Amino acid sequence: MEHLLVTGGAGFIGSHFVKRIVQADDVATVTVLDALTYAGHIENLGRAFLNPKLRFVRGTILDAGLVDDLMARHTAVVHFAAESHVDRSFLAAGAFLATNVHGTQTLLDAARRHGVEKFVHVSTDEVYGPLPTGSAVEDDPLRPSVPYAASKAASDLIALSSFRTHGLPVCVTRASNNYGPCQHPEKIIPLFVTRLLKGEPVTIHGHGEHVRNWLHVEDHCQGIERVLRGGVPGEVYNIGGGTDRTTNELTRDLLRVCGATWDAVTYIPDRQANDERYSMDWTKIADSLGYQPVHDFEEGLATTATWYRDHPDRWAPLLYDPHAAAASNGSGILVAAGAGR
Ligand code: NAD
């Protein structure tokens, strides 16, 4: 773990992880490999750039030559890079298969060639599919419902097959829904917060009774670091311990922290394949690696909302739709940045 390669380190969770791990005394260098898709932002890494251990490489995990070259200089990998937004996977599943499945295989192949000592593949509770009751344990069958989750399930199995077939020291982590600063405003918590801060309405799919477990991103990163350091190769670790909320309950909490009322909320027909409930048992990582989440949900939600309130410069540009703006002001003009110079 002396020389760490972090894929997708400019995204939401990856950037929090890099800011944490770059401070570890036993880590000599941290290289972020990130394609900077619409979801990746170099600003997310912020103060980490003050640390001389950090290197940033813009590139795709699908570039086998680049990946091979980088892997030769690294001893461990934490793999976050992915297409991560469920709704987008309904429209363009191909990109999810390319990055999440083929990209993962490209990394695994290079890791094997160069004798990487640890490879942590970061995955999601969505691979287990919906659970009306009970909680999934790590060796439960995978029953993903949507293309995003199916591509993650495929990549989990491919990663584990690299251990079983080739002995590559792979661990897989599966976490519940993350929240915290720097999340792209397409995801529900920042979407609702940014809309409410702008005085705009928010919409709930169906009856709002879908249950998700909300885990603070820093608790997730704590779990990943524990797996990186002590996880047994070939093992899967659920990282849960967040707070269960139905969408209605989450909306109630978000209205409160944003100072808004239910007048801002409308209900729309449910999205396709909207799983009713996810739930994971995370006893294994707690007992074997000492993982314990420390963030209180109410407090974490309030500080997350405050971050969005204080940093409109970080999210407002991501919400700007030039086509909608041109249509609404009637000019029909799409002004590109730098036009006229
Ligand atoms: P994100 O969308 O915020 O970040 C993804 C990052 O990957 C971005 O920086 C993007 O530029 C980069 N990327 C995308 N395609 C790439 C490619 N081909 N090559 C290199 N970089 C590429 O996602 P996130 O929410 O930070 O999720 C990170 C990981 O954690 C994903 O694997 C996701 O499946 C998993 N996960 C997310 C959650 C959650 O609630 N967000 C929960 C559990 C697991």
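Here the residue numbers are simple positions, counted from 1 along each chain's written sequence. Totals for whole chains, interfaces and linings use every residue, but because this is a predicted model, local features are given only for residues with pLDDT of at least 70 and side-chain atom pairs only at 80 or more, for both listing and counting. As a rule here, side-chain values come from all non-hydrogen atoms in the structure, and water together with hydrogens is ignored.

*Asks:* So what exactly am I meant to see when it comes to the nonpolar core here?
*Replies:* A general feature of soluble globular proteins is that nonpolar side chains tend to end up buried together. In plain words, nonpolar cores are sets of buried Ala, Val, Leu, Ile, Met, Phe, Trp, Tyr and Cys residues tied together by side-chain atoms within 4.5 Å. Throughout, exposure labels follow a simple rule: accessible area from a 1.4 Å probe, protein chains only, divided by the maximum for the residue type, with under 20% read as buried, over 50% as exposed, and the rest as partly exposed. In terms of nonpolar packing, the biggest core is built from 33 residues, with Phe 17 and Val 78 touching the most fellow members. Discounting chain neighbours no more than four positions away, the residues touching Phe 17 are Leu 4, Val 6, Val 78, Phe 80, Cys 221, Ile 224, Glu 225 and Leu 228. Counting residues in hydrophobic clusters, the runner-up holds 28 residues, among them Leu 5, Leu 70, Leu 131 and Val 236. Contacts were defined at the residue level, with two residues in contact if any of their heavy atoms lie within 4.5 Å.

*Asks:* How do you make sense of the packing of aromatic side chains when you look at a structure like this?
*Replies:* Centre distance and the angle of the planes are the two values used to describe a pair of aromatic rings. Whether two aromatic rings pair depends on their centres lying within 6.5 Å, for rings of Phe, Tyr and Trp, where Trp uses its six-membered ring; planes under 30 degrees apart make the pair stacked, over 60 edge-to-face, and the rest tilted. Enumeration over the complete set of coordinates arrives at 6 aromatic pairs. Measuring from centroid to centroid gives 6.5 Å for Phe 49 and Phe 56, while their planes differ by 55°, and the two rings are tilted. The interplanar angle of 75° and the centroid separation of 5.3 Å between the aromatic rings of Tyr 179 and Phe 297 together place this pair among those described as edge-to-face. Residue Tyr 179 is found in strand 7 (residues 177-179), and its partner Phe 297 is found in helix 10 (residues 297-310); the two are separated by 118 residues along the sequence. Each member of the pair, Tyr 179 together with Phe 297, is buried. It is Arg 88 that lies over the ring of Tyr 38; its NZ or CZ is 3.5 Å from the centre. The ring of Tyr 237 carries the charged tip of Lys 284 above its face, separated from the ring centre by 4.9 Å. By the criteria applied, helices consist of DSSP H or I runs no shorter than four residues and strands consist of E runs no shorter than two, each listed in order from the N terminus. Either the NZ atom of lysine or the CZ atom of arginine qualifies as a charge over a ring when it sits within 6 Å of the ring centre and within 35 degrees of the ring normal.

*Asks:* Explain the pattern of salt bridges to me, please; I cannot follow it from the model alone.
*Replies:* Any two side chains of opposite charge can pair, given that their charged atoms come close. Any Lys or Arg side-chain nitrogen found within 4 Å of a carboxyl oxygen on Asp or Glu counts as a salt bridge. In the structure shown here, the tally under the stated rule is 17 salt bridges. A salt bridge links Glu 186 to Arg 88; the shortest N-O distance between them is 2.8 Å. With Glu 186 in the loop between strand 7 and helix 6 (188-197) and Arg 88 in helix 3 (residues 86-91), this residue pair connects regions lying 98 residues apart in the sequence. Under the relative-accessibility criterion, Glu 186 is labelled buried at 14%. One connected set of salt bridges, linked through shared partners, spans Arg 245, Arg 252, Asp 253, Arg 256 and Glu 298.

No statement about biological role is implied by the geometric values presented.
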